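For reference, the chains in residue letters:
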Amino acid sequence: GIQVEQSPPDLILQEGANSTLRCNFSDSVNNLQWFHQNPWGQLINLFYIPSGTKQNGRLSATTVATERYSLLYISSSQTTDSGVYFCAVERGFGNEKLTFGTGTRLTIIP
Amino acid sequence: DGGITQSPKYLFRKEGQNVTLSCEQNLNHDAMYWYRQDPGQGLRLIYYSQIVNDFQKGDIAEGYSVSREKKESFPLTVTSAQKNPTAFYLCASKGRLLSTDTQYFGPGTRLTVL
């Protein structure tokens, strides 16, 4: 099956810093999503981004489908950004399963 | 409010007992999914259903069973055959069959087997 790798596994930053999270995947995909899992376990959709660039406030994401990677950018980090960020991909075209990476745990220190 | 609800939030069971986790959605979504998350790990797919009265095994289906009798509901039963059932269980749904819509997740159920 498709492999999804995320880096770095852990990231500790001071409030106000910027960060870049990376997601590499091993095959072509029809769907790529970024999620934030808060400390209570709730998964929040951040972006649906199989290709291109999207921005939402302090967050933006870029997927380069031909090179099989996606980047999540967080600017001016706040303590509420802490949690685990997951990338998940779906092959599509009848294979309707999301495959998750192991996540990046982000800790923002006041 | 539209969304996905899971109950209960926390569940404790004795070893050897079957337990059923509830997942309900009022988003009119066709597809529903069950995932398992272990500490420090990503999510792994247990079962999924793309339409009522039909479901498929995911990557770790052994020891679990599901039903999809109604579009809104996709309960998961953790049977005594599941060797290590203590985990965080997440239910999700997606809009259209064979679409590239996003998956939306419920708040999860933490199951602890004593």
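That block above? That's the structure.
Computed from a predicted model, the values in this text were never measured in an experiment.

Next up on the list: the overall build of chain B. Across its full length, chain B holds zero helices and 11 strands. Ordered by position in the sequence, the α and β elements of chain B form the string β-β-β-β-β-β-β-β-β-β-β. In terms of C-alpha radius of gyration, chain B reaches 13 Å, essentially the compact-globule figure of 13 Å for 114 residues. C-alpha atoms of chain B, sized along the principal axes, occupy 40 × 25 × 25 Å. When each of the 114 residues of chain B is scored for burial, the buried share is 49%. Sequence-distant contacts, at least 24 apart, represent 52% of the contacts inside chain B between residues at least 6 apart. Carbon and sulfur atoms form 48% of the exposed surface of chain B, whose accessible area is close to 5,600 Å². Charge separation in chain B, taken as the distance between the mean sites of 13 positive and 11 negative side-chain charges, equals 5 Å.

Contacts between the two partners involve 20 residues from chain A and, on the opposite side, 25 residues from chain B. Roughly 1,800 Å² of surface becomes buried between chain A and chain B when both sides are summed, with 50% attributable to carbon and sulfur atoms. Counting across the interface, chain A meets chain B through two salt bridges. One salt bridge in this structure joins Lys94 of chain B and Glu90 of chain A, with 3.2 Å as the shortest N-O distance. Joining chain A to chain B, the criterion identifies six residue pairs in polar contact (both at pLDDT 80 or more). Put simply, the parts of the chain that give the side of chain A that touches chain B at least two residues each are β4 (31-37), β5 (43-48), β9 (83-92) and β10 (95-100) of chain A.

Ranked by internal contacts, the top residues of the largest apolar core, which has 21 residues, are Phe25, Leu32, Trp34, Leu72, Cys87, Val89 and Leu106 of chain A. The set of elements that each furnish at least two residues to this core consists of β2 (10-14), β3 (19-25), β4, β7 (59-64), β8 (69-74), β9 and β11 (104-109) of chain A. Those residues in contact with Leu72 of chain A that lie beyond four places of it in its chain are Ser19, Thr20, Leu21, Trp34, Leu46, Phe47, Ser60, Ala61 and Tyr85 of chain A. Listed in part, the 20 residues of the second largest apolar core include Trp34, Tyr47, Ala61 and Leu76 of chain B.

Attention now moves to unusual backbone geometry. With omega at -10°, the peptide bond leading from Ser7 of chain A into Pro8 of chain A counts as cis. Here Pro8 of chain A lies in the loop between β1 (4-7) and β2. Backbone torsion omega between Ser7 of chain B and Pro8 of chain B reads -10°, so that peptide bond is classified as cis. Mapped onto the elements, Pro8 of chain B comes out in the loop between β1 (4-7) and β2 (10-13).

For the rest of this paragraph, the subject is the sheet that holds β7 of chain A. Residue and element names in this part refer to chain A. In space, the five strands of this open sheet follow the order β1-β3-β8-β7-β6, with antiparallel pairing throughout. At either margin of the open sheet sits one strand with a lone partner, and together these are β1 and β6 (52-56). Each strand of the sheet is rotated relative to its neighbour by a mean of 15°, with strand direction disregarded. Relative to β8, β7 runs antiparallel, the two being bridged by six bridges. Among the inter-strand pairings, Ser60 is bridged to a residue of β8, identified as Tyr73.

Moving on: the packing of aromatic side chains. Residues and elements named next belong to chain B. Tallied over the full model, the rule gives 10 aromatic pairs over all chains. When the ring of Tyr33 is compared with that of Tyr48, the centres are 6.1 Å apart and the planes differ by 10°; the resulting orientation is stacked. Of this pair, Tyr33 sits in strand β4 (residues 31-37) while Tyr48 is found in strand β5 (residues 43-51), placing the two residues 15 residues apart along the sequence. In this structure Tyr48 comes out as buried when scored by relative accessible area, which is 9%. On the basis of an interplanar angle of 80° and a centroid distance of 5.9 Å, the ring pair of Tyr47 and Phe55 is categorised as edge-to-face. In this structure Tyr47 comes out as buried when scored by relative accessible area, which is 8%. Residue placement shows Arg68 over the ring face of Phe74; its charged tip is 6.0 Å from the ring centre. Above the plane of the ring of Phe88 lies Arg110, whose end atom (NZ or CZ) is 4.1 Å from the centre.

Cut-offs applied
Residues numbered from 1 in each chain as written. Chains lettered and ligands numbered in written order. Predicted model: local features only at pLDDT ≥ 70, side-chain atom pairs only at ≥ 80, totals over all residues. Heavy atoms only, no water. Helix = DSSP H or I, 4+ residues; strand = E, 2+ residues; numbered from the N terminus. Rg over C-alpha atoms; globule rule 2.2 N^0.38 Å. Buried < 20%, exposed > 50% of the residue type's maximum accessible area, 1.4 Å probe, protein only. Contact = heavy atoms within 4.5 Å. Areas by Shrake-Rupley, 256 points an atom, 1.4 Å probe, with all protein chains shown as cover. Lys, Arg positive; Asp, Glu negative; His and termini not counted. Charge placed at Lys NZ, Arg CZ, Asp CG, Glu CD. Buried area = accessible area lost by both parts, 1.4 Å probe. Salt bridge = Lys/Arg side-chain N within 4 Å of Asp/Glu carboxyl O. Polar contact = N/O pair within 3.5 Å; in protein donor to acceptor, adjacent residues only side chain to side chain. Core = buried A, V, L, I, M, F, W, Y, C linked by side-chain atoms within 4.5 Å. Pairing = 2+ DSSP bridges. Axes fitted to C-alpha atoms, helices over the stretch in contact; angles between N-to-C directions. Phe/Tyr/Trp six-rings, centres within 6.5 Å; stacked < 30°, edge-to-face > 60°. Lys NZ or Arg CZ within 6 Å of the ring centre and 35° of its normal.

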